[in-house]
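Descriptive structure summary
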Amino acid sequence: MTATVESTTTGLTSEQRAKHANRRLHRTEHRWALAFVAAPIIGFLLFTLYPIGFAVYASLTSWNGLGPMTFVGLDNYVTLFGDEYFRISLYNTFFYMIGIPIGLALSLLLALALNRKIPGRTAFRTIYYVPVISSLAAIAIVWQFAYNGDFGLINQVLAWFGIEGPDWLQDTATVKPAIIIMAIWKGLGYSMLLYLAAIQGVPASLHEAAALDGANAFQRLRNITLPMVRPVTFFLVVTNIIAGSQIFTEINIMTPAGGPEFSSASIVWYIVRKAFKYQQMGYATAMSIVLGILVFVITFIQFRLNRRNSFSID
Amino acid sequence: MKRNRLIAGAVCAAVAGALTLTACSDGGDGGSDSGEKEITFMFRGGPDEKAAYEAAIKKYTEDTGVKVKVIVTDADQYATKLQAAVAGNNVPDVFYIEQATLQSYVSSGVLLDITEQVDASGIDLDNIWQYGVDSYRFDGELQGTPDGKLYGLPKDVGPFSFGYNKTMLEAAGIPLPDKDTPLTWDEFVDISKQLTVDNNGDGAADQWGTGLNVQWNLQSLVWSNGGDWTNEDRTEVTVDTPEFADALQKFADLTNVDKVTPSASDAATLDTYQRWMAGEIGFFPVGPWDVSVYNELDFEYDLIPWPTVGDGGTATWLGSLGIGVSATSKHPDDAVKLVTYLSGDADAQQTLVDANIQIPNLIDMAEAWAAEEGAEPANRQEFLDIAQDYGRAMPAAFTYGAEWYDELWTNIQPVIDGEQTAADYLAEVQPKMQNLLDESNANAEQAAAGN
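Residues numbered from 1 in each chain as written. Chains lettered and ligands numbered in written order. Predicted model: local features only at pLDDT ≥ 70, side-chain atom pairs only at ≥ 80, totals over all residues.

Details of the overall build of chain B
Quick reminder of the rule: In DSSP terms, a helix is any run of H or I states spanning at least four residues, a strand is any run of E spanning at least two, and both are numbered starting from the N terminus. Remark: C-beta atoms are placed from the backbone, and a residue is labelled buried if 20 or more other C-beta atoms sit within 10 Å of its own, exposed if 12 or fewer do, or partly exposed between those counts. Remark: residues whose backbone-derived C-beta atoms lie within 7 Å of one another are considered to be in contact.
Scanning chain B from N- to C-terminus turns up 20 helices and twelve strands. Principal-axis analysis of the C-alpha atoms gives chain B an extent of 90 × 50 × 50 Å. In chain B, which comprises 451 residues, the share counted as buried stands at 47%. Restricting the contact set of chain B to residue pairs at least 6 apart, pairs at least 24 apart contribute 75%.

A few points about helix H2 (residues 47-64) of chain B
Residue and element names in this part refer to chain B. The cut-off we apply is this: By definition here, a helix of n residues has an expected span of 1.5 Å times n minus one. Here the arc refers to the directions that run from the helix axis out to each C-beta atom.
Between its first and last C-alpha atoms H2 spans 25 Å; for 18 residues at 1.5 Å apiece the expected length is 26 Å, and the two agree. Among all positions in H2, only Glu-49, Ala-52, Tyr-53, Ala-56, Ile-57 and Tyr-60 are buried. Axial view of H2: buried residues confined to an arc of 130°, hence all on one face. Exposed residues on H2 whose side chains face more than 90 degrees from its buried face are Pro-47, Lys-50 and Glu-62.

Concerning the pairing of strand E2 (residues 67-73) of chain B
Residues and elements named next belong to chain B. Keep this limit in mind: Strand pairing is defined by DSSP finding a minimum of two bridges between the two strands. For crossovers, right-handed means that the path from the first strand over the helix to the second runs clockwise, given strands pointing away from the viewer.
Summarising the sheet, strand E1 (residues 38-44) and E2 pair through seven bridges and their orientation is parallel. The partner of Glu-38 across the bridge, within E2, is Lys-67. On the question of chirality, the crossover connecting E1 to the parallel E2 by way of H2 is right-handed.

Looking at the nonpolar core
Residues and elements named next belong to chain B. Let me state the cut-off plainly: Joining buried Ala, Val, Leu, Ile, Met, Phe, Trp, Tyr and Cys residues through C-beta atoms within 7 Å gives a set, and that set is a nonpolar core.
Counting residues in hydrophobic clusters, the biggest one holds 61 residues, and the most contacted among them are Val-94, Leu-338, Val-339 and Ala-387. The leading source of residues in this core is helix H14 (residues 332-344), at six residues. Discounting chain neighbours no more than four positions away, the residues touching Val-339 are Val-94, Ile-114, Leu-153, Ile-323 and Val-325. Among the nonpolar cores identified, the runner-up in size contains 55 residues, and Tyr-164, Trp-229, Ala-245 and Phe-398 belong to it.

Looking at the pairing of strand E7 (residues 161-165) of chain B
All names here are of chain B. Of all five residues that make up E7, five are buried, and the element is covered over most of its length. Alternating positions in E7 separate into two faces, Ser-161, Gly-163 and Asn-165 on one and Phe-162 and Tyr-164 on the other, with burial throughout. Pairing of E7 with strand E9 (residues 281-286) involves four bridges; the strand directions are antiparallel. Pairing of Phe-162 across the sheet is with Pro-285, part of E9.

Structural notes on the sheet that holds strand E8 (residues 208-210) of chain B
Residue and element names in this part refer to chain B. Our working rule: Here an angle of 0 to 180 degrees is reported between the N-to-C directions of two axes, which are lines fitted to C-alpha atoms, with helices fitted over the stretch in contact.
Read across the open sheet, the four strands follow the order E8-E9-E7-E10; overall the sheet is mixed. At either end of the open sheet lies a strand with only one pairing partner, and these are E8 and strand E10 (301-304). The mean inter-strand angle of the sheet, taken between neighbouring strand axes irrespective of direction, is 30°. Relative to E9, E8 is paired through two bridges, and the arrangement is parallel. From the neighbouring strand, Trp-208 faces E9, where its bridge partner is Ile-281.

A word on the confidence of the model for chain B
Defined as follows: The predictor's confidence in any single residue is recorded as pLDDT, a number from 0 to 100.
With 90% of its residues at a pLDDT of 70 or more, chain B shows a mean pLDDT of 87. On the interface metric, ipTM, the complex scores 0.75, and its pTM is 0.80.

Quick look at unusual backbone geometry
Excluding glycine, most residues fall at negative phi; most peptide bonds, likewise, are trans. All names here are of chain B. The omega torsion across Glu-376 and Pro-377 is -5°, close enough to zero to call that bond cis. Mapped onto the secondary structure, Pro-377 falls in the loop between helix H16 (363-370) and helix H17 (381-390). The backbone of Asn-89 sits at a positive phi, close to 55°, despite the residue not being glycine. Following the sequence through the fold, Asn-89 ends up in the loop between helix H3 (78-87) and strand E3 (94-98). The exposed category is assigned to Asn-89, around which 11 C-beta atoms lie within 10 Å. With phi around 60°, Asn-356 is a residue other than glycine that occupies positive phi space. Mapping Asn-356 onto the fold places it in the loop between helix H15 (346-354) and H16. Its 18 C-beta neighbours within 10 Å are what place Asn-356 among the partly exposed residues.

Overview of the environment of Gly-122 of chain B
On the secondary structure map, Gly-122 of chain B appears in the loop between helix H5 (115-121) and helix H6 (130-134). On the neighbour-count criterion, Gly-122 of chain B (7 C-beta atoms within 10 Å) is exposed.

Some words on the confidence of the model for chain A
If pLDDT is low for a region, its predicted coordinates should not be looked at in detail. Residue and element names in this part refer to chain A. Overall, the prediction assigns chain A a mean pLDDT of 88, with 94% of residues at 70 or greater. Within chain A, helix H1 (residues 2-10) has the poorest average pLDDT of any element, 48, and helix H4 (residues 84-96) the best, 95. Long-range and interchain partners of residues 1-8, a stretch whose pLDDT sits below 50, account for three contacts in this model, where long-range means more than four residues apart.

Spelled out as structure tokens, the structure:
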């Protein structure tokens, strides 16, 4: 409406008018576009960039989480590299990751098994998935009972075979394996499900062609199925390592004091303890930042390696 | 166009919503503009505490017209939640405080100085355990001194007493220990040896003299031997003294030399607790919070003073949890009043005592409770003696944080297992503990200065 009024009063050519209208349309669209873009950007600024900036600053201060912060420069980082418990908890955290390849291998086997037409496979798939949807806290408590040295289910079962089981969670040698076993059990269903989907996505024609060429089942698994599910393996490895580096709940519930001689304490467990029990929020933040950088670097390396090894079929 | 506008409107609303979300986290007692006053009370505890406090709060609301919003958390989430509330500037008006974190909450300006309001409230502080009240006094340098400003009142005091299985001792024909004269360490070990027997004849002991947990029981041994964790002004860690080493060694020897406890690895778990309750253990610590469970057991038990290692006299620790008021409370007077109800109201105390989970805060009530006919355990007076006379604060109760203290336990297991001598270990751990204590004292000064 305004456009026609303008055109009669200013006497512009039709071309100019069109351009003008175009520009105005652009301007309105730009404004809308900005509004839409603003939503995620403001969200990013508020909920990601600001907290990161704040954390970086907090890691340079001595702060109890309540009162004023005192700037101390890199002191926290210097302390951190001399902190024996930081080193041990980092070691423990990586130790727990031994469970990742074991868990992946088991879940691939399970997926292969449950991909066959065996009776009751839907029931099995459901059963293996139940731990995934259960509360981790509840699972940790149940396993804590199971691992009890005197009355625990596991030692009772071992006793049937004449084996005297250790006091799993109180022994420096067994506490980490005990937690790994639990974590594998808990994560099995999720990895299995992804593998199952990937296996079913492998074109049947490939298997048929290979079978015609005389490939046996193992060769087909090795040369067709495994390469085809590789993206899933990669995804699972990356997400498992990121999640594994933040392992906390099961440690905190099953070994509230970090295990005998600090043998089960994970890095996040140590961070939480420093931050909330000993009120060293600045130092704890510095540790979190180091952990964040570590996870970033590891993930970056994984993507690099994966790019080199990846291939695609048309 | 219209639809676009709608979408854009929705986007803007979402953005605005996100913005306000971060801005609306202030205000201590949300939305009480109707003229009705409401204060919040955050605590942790089980159903018994909840019931007791409900009664006290009801009475408080009747008396004052002030409503109370109660927030209960799990024991292990409490500290995190409270800290989040502080960070979010949304501190409950009234909340539990621990002895060990009192100083940081005071110097950070979170806790209100309630000295005057408590005086004005008419509550008789002389009728509450002095240790309990003094625990929440802080003069800016030392905590627990009688002249400091008051920052809270005790929720309870927790005397950690010692008990024996009366049924077991009688069956073994051992004269019952005297409730007024503590056993010497040799007597204690001697009786324990007589109690450690193989009843079912399978070659392994199935009844033991005792089974203690180093983290909760070592204090008594060390103190009765004249040792301590720190010097008086809490600046020097003194765990490397011969008295301390002797006490720790004797503790470890119970398992490794005297062999009067279940095997080493069991001592660090709950299992000796289970065995005590199954009637397999002769001597075991008893706290007031245990009484409701222990009274249901199949054997009789009673309390005695802790055995003494040296000539320092019988000793044990006396815990406490406190109730404080937020410095940012909009109704500080009402909040303090609530604290006096929770800590000192006779009905509320009676509910807690009836539930057998704590001793009364009120001394006159406690004395009547201890003198009750047919009380179980019979020697309830021992709890009171600890609260009144010989109970001591935990070593880290009045320092700025307990990290230095926890360090002792982290690597102690080899000593308990007899793989390392107490003296060696203590010499090794003392410098680490000293570092951490220095750090915590420095932090305390910094926090006090920053205020």
